[in-house]
Amino acid sequence: MRTVKIRETVIGEGMPKICVPITGKSREEIEEETRQVKEMKPDLVEWRADCYEEGKNQEKCLELLKTIRDILGEIPLLFTVRTDKEGGNVQILFEDYVKLLEEAAKTGYADLIDVEVYFEGHDTKNLIRHLQKQNSFVVASNHHFHETPDVEAMLGILREMDQKGADILKLAVMPQCEEEVYTLLQATVKMKKETEKPVITMSMGKTGVLSRLCGEVTGSAVTFAAGIRASAPGQIPVKRMRDTLMLLHESFT
């Protein structure tokens with residue numbers, strides 16, 4: 001697997017890297033949450049800008065992005081605007097979504113930017129290319145909060161992300177039974193063998209917790225853990241996640 005190095009964090013080798021989301025609503029809440037999350041020493045941090053109550057105000061959003069960057073120091077930062085179609089908190093037109101992501105990339109404050117590759121049927125290949133020209137790494141993402149597609153369907157999604165040129169491929173699904181967790185893991189293992197790019201997959205909710213822990217075996221390069229609060233069902237608190245990953249890592253080496 002080709003690795004992606006962001007500051008001093010290398011995604012795609014060793015233990016899955018731990019990413020902690022920031023999901024506060026007000027500026028004050030987000031600043032305090034960022035300080036607390038920094039103390040947890042995650043490998044990277046995701047700012048869920050769609051949770052910010054002023055998130056549609058581009059100027060305020062970019063100002064707060066700078067503040068978060070300043071607080072985090074050298075911890076890599078993922079900038080995400082999760083739409084309501086994929087479990088997020090904002091309704092936004094595609095042209096406004098594109099503009100916000102591109103302006104965030106231009107600032108240089110975000111090391112990685114999340115792109116929903118199936119944004120209401122729009123072709124996001126050009127968006128990915130433009131963000132990369134601004135020296136941002138792109139995490140292509142797709143979320144299924146009510147189902148787990150079959151193995152071939154999930155492989156098709158991940159392959160399309162790869163073909164669109166994203167640097168990291170992310171897929172999240174919701175299991176309806178235990179068997180569907182293994183369906184996701186099977187797709188992850190197969191995609192790991194097909195692509196050189198880091199892959200991130202997760203089966204959400206309590207049923208899918210195993211998928212957040214076994215990435216070193218299956219090939220999922222990043223796992224999301226809860227800091228102050230979870231951003232998706234099934235996230236484990238940071239310390240518990242780190243201890244468990246370390247225990248598993250020691251068993252593999």
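Please refer to the structure placed before this passage.
What this report covers is the structure whose coordinates are included nearby. On a predicted model such as this, the values are computed, not experimentally measured, just so you know. (Residues numbered from 1 in each chain as written. Predicted model: local features only at pLDDT ≥ 70, side-chain atom pairs only at ≥ 80, totals over all residues. Heavy atoms only, no water.)

Of note, the phi angle at Lys 41 is positive, near 55°, even though the residue is not glycine. Checked against the element boundaries, Lys 41 lands in the loop between α1 (27-39) and β4 (44-48). Residues other than glycine seldom take positive phi values, yet Glu 120 does so here, at roughly 45°. By the element assignment, Glu 120 lies in the loop between β6 (112-116) and α4 (125-133). (Helix = DSSP H or I, 4+ residues; strand = E, 2+ residues; numbered from the N terminus.)

With 14 residues, helix α3 (residues 94-107) should cover 20 Å at 1.5 Å per step; its first-to-last C-alpha distance of 20 Å lies within 8% of that length. Residues of α3 that are buried sit in contact with α2 (58-72), β5 (77-80), β6 and α4. Positive backbone phi, approximately 80°, marks Gly 108, located one or two places after α3. (Expected span 1.5 Å × (residues − 1). Contact = heavy atoms within 4.5 Å.)

Summed over the entire model, instances satisfying the criterion amount to 19 salt bridges. Here Lys 66 ties to Asp 70 by a salt bridge, and the two come within 2.9 Å at their closest N and O atoms. Pair noted here: Lys 66 and Asp 70 are both in helix α2, with a separation of four residues, about one helical turn. Among the residues examined, Lys 66 registers a relative accessible area of 37% and is labelled partly exposed. In this structure, Glu 152 and Arg 159 form a salt bridge, with 3.8 Å as the shortest nitrogen-oxygen distance. Given the relative accessible area of 28%, Arg 159 is considered partly exposed. The structure contains a network of salt bridges with shared partners spanning Arg 7, Arg 69, Glu 74 and Asp 111. (Salt bridge = Lys/Arg side-chain N within 4 Å of Asp/Glu carboxyl O. Buried < 20%, exposed > 50% of the residue type's maximum accessible area, 1.4 Å probe, protein only.)

Once that is clear, we can look at the state of the cysteines. All told, the structure shown has zero disulfides when counted by the stated rule. Free of any disulfide, Cys 51 has its nearest cysteine sulfur in Cys 61, 11 Å distant. Of the cysteine sulfurs around Cys 214, a residue in no disulfide, the closest is that of Cys 177, at 16 Å. On the accessibility criterion, Cys 214 (13% relative accessible area) is buried. (Disulfide = S-S within 2.5 Å.)

Another aspect to go through is the packing of aromatic side chains. The geometry of an aromatic ring pair is captured by two quantities: the separation of the ring centres and the angle between the planes. Scanning the model with the defined rule gives four aromatic pairs in all. Put simply, the rings of Trp 47, Tyr 52 and Phe 79 pair up and form one aromatic cluster. One cation-aromatic arrangement involves Lys 170 over Phe 224; the distance from NZ or CZ to the ring centre is 4.5 Å. (Phe/Tyr/Trp six-rings, centres within 6.5 Å; stacked < 30°, edge-to-face > 60°. Lys NZ or Arg CZ within 6 Å of the ring centre and 35° of its normal.)

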